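So the chains spell out like this:
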Amino acid sequence: MKKFFIPIAFFMSISAFGQITWNQTYQQYFNQYKDIAIEQMQRYNIPASITLAQGVFESGAGRSELAVKGNNHFGIKCNGWNGRKTYHDDDEDNECFRAYDSAYESYEDHSKFLVNSPRYRQLFSLKKTDYKGWAKGLKAAGYATNPQYAHKLIEIIQLYKLYQYDDAKHYDKFMIEHTKDQPVNGQDLHVIKAFNKNYYIIVRQGDTFKSLAKEVGISYRKLAKYNERDKRDELENGEIIWLKKKQKKAPKDYKGYRHYVRQGESMYTIAQKYGIRLKSLYKLNKLGDDYQIKVGDPIRLR
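If you're wondering where the values come from, they're calculated on a predicted model, not measured in any experiment.

J.: Would you mind going over the packing of aromatic side chains with me for this structure?
T.: Two descriptors summarise a pair of aromatic rings, namely the distance from one centre to the other and the angle between the planes of the rings. With the rule as written, the count across this model stands at 19 aromatic pairs. Seen from their ring centres, Y29 and Y33 are 4.7 Å apart, and the 55° between their planes marks the pair as tilted. Remark: Y33 and Y29 occur in helix α1 (residues 24-44); sequence separation between them is four residues, near one turn of the helix. One exposure class covers both Y29 and Y33, and it is buried. Measuring from centroid to centroid gives 4.2 Å for F174 and Y199, while their planes differ by 10°, and the two rings are stacked. Of the two residues, F174 is situated in helix α7 (residues 173-181) and Y199 in strand β4 (residues 198-202); the sequence distance between them amounts to 25 residues. We classify Y199 as buried; its relative accessible area is 10%.

J.: Help me understand the pairing of β4 in this model?
T.: The side chains of a regular strand alternate, residue by residue, between the two faces of the sheet. Most of β4 is tucked away, with four of its five residues classed as buried. In the sheet, strand β3 (residues 193-195) pairs with β4 via three bridges, with the strands oriented antiparallel. Bridge pairing links A194 to Y199 in β4. Pairing geometry for β4 and strand β5 (residues 240-242), over three bridges, is antiparallel. Across the sheet, the residue bridging to I201 is I241, located in β5.

J.: How should I be thinking about the state of the cysteines in this particular structure?
T.: By the definition in use, this model includes one disulfide. Between the sulfur atoms of C78 and its disulfide partner C96 the distance amounts to 2.0 Å. Its S-S torsion of approximately -70° makes the covalent link between C78 and C96 left-handed. Separated by 18 residues along the polypeptide, C78 in the loop between α3 (65-70) and β1 (85-88) and C96 in strand β2 (residues 95-98) bring together distant segments of the chain.

J.: Just to check I follow, could you spell out the pattern of salt bridges for this structure?
T.: Side chains that carry opposite charge are capable of pairing whenever their charged atoms lie near each other. Inspection of the entire model under this criterion finds 15 salt bridges. Between D233 and R229 there is a salt bridge, with its nearest N and O atoms 3.0 Å apart. Its relative accessible area of 30% is what places D233 among the partly exposed residues. D230 is paired through a salt bridge with R232; the nearest N and O atoms lie 3.4 Å apart.

J.: Help me out: how do you make sense of the pairing of β2 in this one?
T.: Burial of the side chains of β2 extends over both faces: E95 and F97 are buried on one face and C96 and R98 on the other. Pairing between β1 and β2: four bridges, direction antiparallel. Across the sheet, residue H88 finds its bridge partner in β2, namely E95.

J.: What's the story with the confidence of the model for the protein in this structure? I'm lost.
T.: Note: predicted coordinates in regions of low pLDDT should not be interpreted at a detailed level. Of all residues in the protein, 90% attain a pLDDT of 70 or more, and the chain-wide mean is 88. In this model, residues 1-17 is a region of pLDDT below 50 whose contacts with residues beyond four sequence positions or in other chains number 52 contacts.

J.: Explain the nonpolar core here, please?
T.: When a protein is soluble and globular, its nonpolar side chains tend to lie buried together. Judged by nonpolar contacts, the single largest core of 47 residues is most densely connected at F30, Y143 and L162. At the level of secondary structure, the elements contributing two or more residues to this core comprise α1, α2 (48-59), α4 (103-116), α5 (131-140) and α6 (149-159). Counting residues per element, this core draws most heavily on α1, at nine residues. Counting 16 residues, the second-largest nonpolar core is a separate cluster that includes V203, V216, I218 and I241.

J.: Hey, could you run me through the sheet that holds β5 in this one?
T.: To summarise the sheet geometry, strands pair through backbone hydrogen bonds and adopt either a parallel or an antiparallel arrangement. Read from one edge to the other, the open sheet built from three strands follows the order β3-β4-β5, with strand pairing classed as antiparallel. Only two strands of the sheet have a single partner each, and these edge strands are β3 and β5. Ignoring which end each strand starts from, the neighbouring axes of this sheet average 40° apart. Those strands touched by helix α10 (residues 267-274) are β3 and β5, and its axis lies near 60° from that of β5.

J.: Teacher, can you tell me more about the layout of surface pockets here?
T.: It is the rolling of a water-molecule-sized probe over the atoms that shows where space remains empty. Quantified by volume, the second largest pocket comes out at close to 250 Å³. What lines the second largest pocket is simply R229, E236, G238, E239, I240, E265, Y268, T269, I270, Q272 and K273. Here the lining of the second largest pocket gets five residues from one element, more than from any other, and that element is α10. Across the lining of the second largest pocket, the residue classes break down as three nonpolar, three polar and five charged.

The rules behind the values
- Residues numbered from 1 in each chain as written.
- Predicted model: local features only at pLDDT ≥ 70, side-chain atom pairs only at ≥ 80, totals over all residues.
- Heavy atoms only, no water.
- Phe/Tyr/Trp six-rings, centres within 6.5 Å; stacked < 30°, edge-to-face > 60°.
- Helix = DSSP H or I, 4+ residues; strand = E, 2+ residues; numbered from the N terminus.
- Buried < 20%, exposed > 50% of the residue type's maximum accessible area, 1.4 Å probe, protein only.
- Pairing = 2+ DSSP bridges.
- Disulfide = S-S within 2.5 Å.
- Salt bridge = Lys/Arg side-chain N within 4 Å of Asp/Glu carboxyl O.
- pLDDT = per-residue confidence, 0-100.
- Contact = heavy atoms within 4.5 Å.
- Core = buried A, V, L, I, M, F, W, Y, C linked by side-chain atoms within 4.5 Å.
- Axes fitted to C-alpha atoms, helices over the stretch in contact; angles between N-to-C directions.
- 1 Å grid on protein atoms, 1.4 Å probe; cavity = no way out; pocket = protein on both sides within 12 Å on 5 of 7 lines; lining within 4 Å.
- Points joined across faces, edges and corners; volume = space filled by probe spheres on them.
- Nonpolar A, V, L, I, M, F, W, Y, C, P; charged D, E, K, R; others polar.

This is the structure:
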C-alpha cells in the first residue's frame, strides 16, 4: 500500500478542536498554484480543488522538506521512478521519494500517477465537481493511510472555496510558465500578485534584480527595464517590482479617480503603485519631466 508523508506544518493550521482554521500561508499557496491545477484538470479531468487540497496537505503549503528539496508537493515515492530522487524518513528510515526540477513537474507527475494507476480508474467516472466523491474515493483506493484523509481534504476545499476552480474554463498561462521556471531552493518564493494586466512581487530585504530574475525566470536586464530602472540599482524592502512591461494607464475602475500625493511619494513611486509607465503618467497629467510634485497634488491615473 502506498503511504504518504504528512508534513508537520499541516498541523499548525488546525485548532485545538481538530478543525482546520484559515491560514494565510495556505491561501498564498492556492493563489500561486491554482492555475496549474486548472490546467491539469482540463488535461486530465482531475478536479482542481482535489489537486490543490492534496498539494497543500501533503507539502505543508510548499514548505515541507520534500517540497523544498525536491519540489515534491504530493509525497509520491520512487516506485517505478527513473528520475531524480531525494530521501526522507517516513514509514521507514531514509525512504526514496521522487524529486522534480519544478513544482509544475510535480503537479504533472501527480496527474499522470492518478490517470495511469488502475486503482484510481473508477474516480474518473465521477463529475469534476464531485470533490467529495473524489476525496472519499482516493482514501478508499489507498492513496493515504491517514484515516481522516478524505475528511481533511473536504474541509480544506470548503474552507478555502477551492470548489470554485472546478468550473473554471480558463487559466493564467503566465503563472504556469513562471512555475515551470522556479528553481529548487531552500527559501520561500515571493508571492506573485496580479494587477492592471500585469504581475508584481514585493521586494524583501536583500533582494536584487539578479536574485529576483533567477527566481522568476526573467532576465535581470529585462526586469530592470520593465521597472524603468538601472540593472545595478539597489532595491528597497517593500517596493513593487513588475514582471512585464507596464501599462499606459490604470485599469478602467480608476476612471475619474485622482491619487493625492502623500509625503515621501514621487511620480515614480506612484507609477509603480498603479503599474503605469512613468512617461505615460506625466503625459496623462500634462506635466513636464522636470515637474516637482507636492503633497496634496491630484494625479490623474487614466
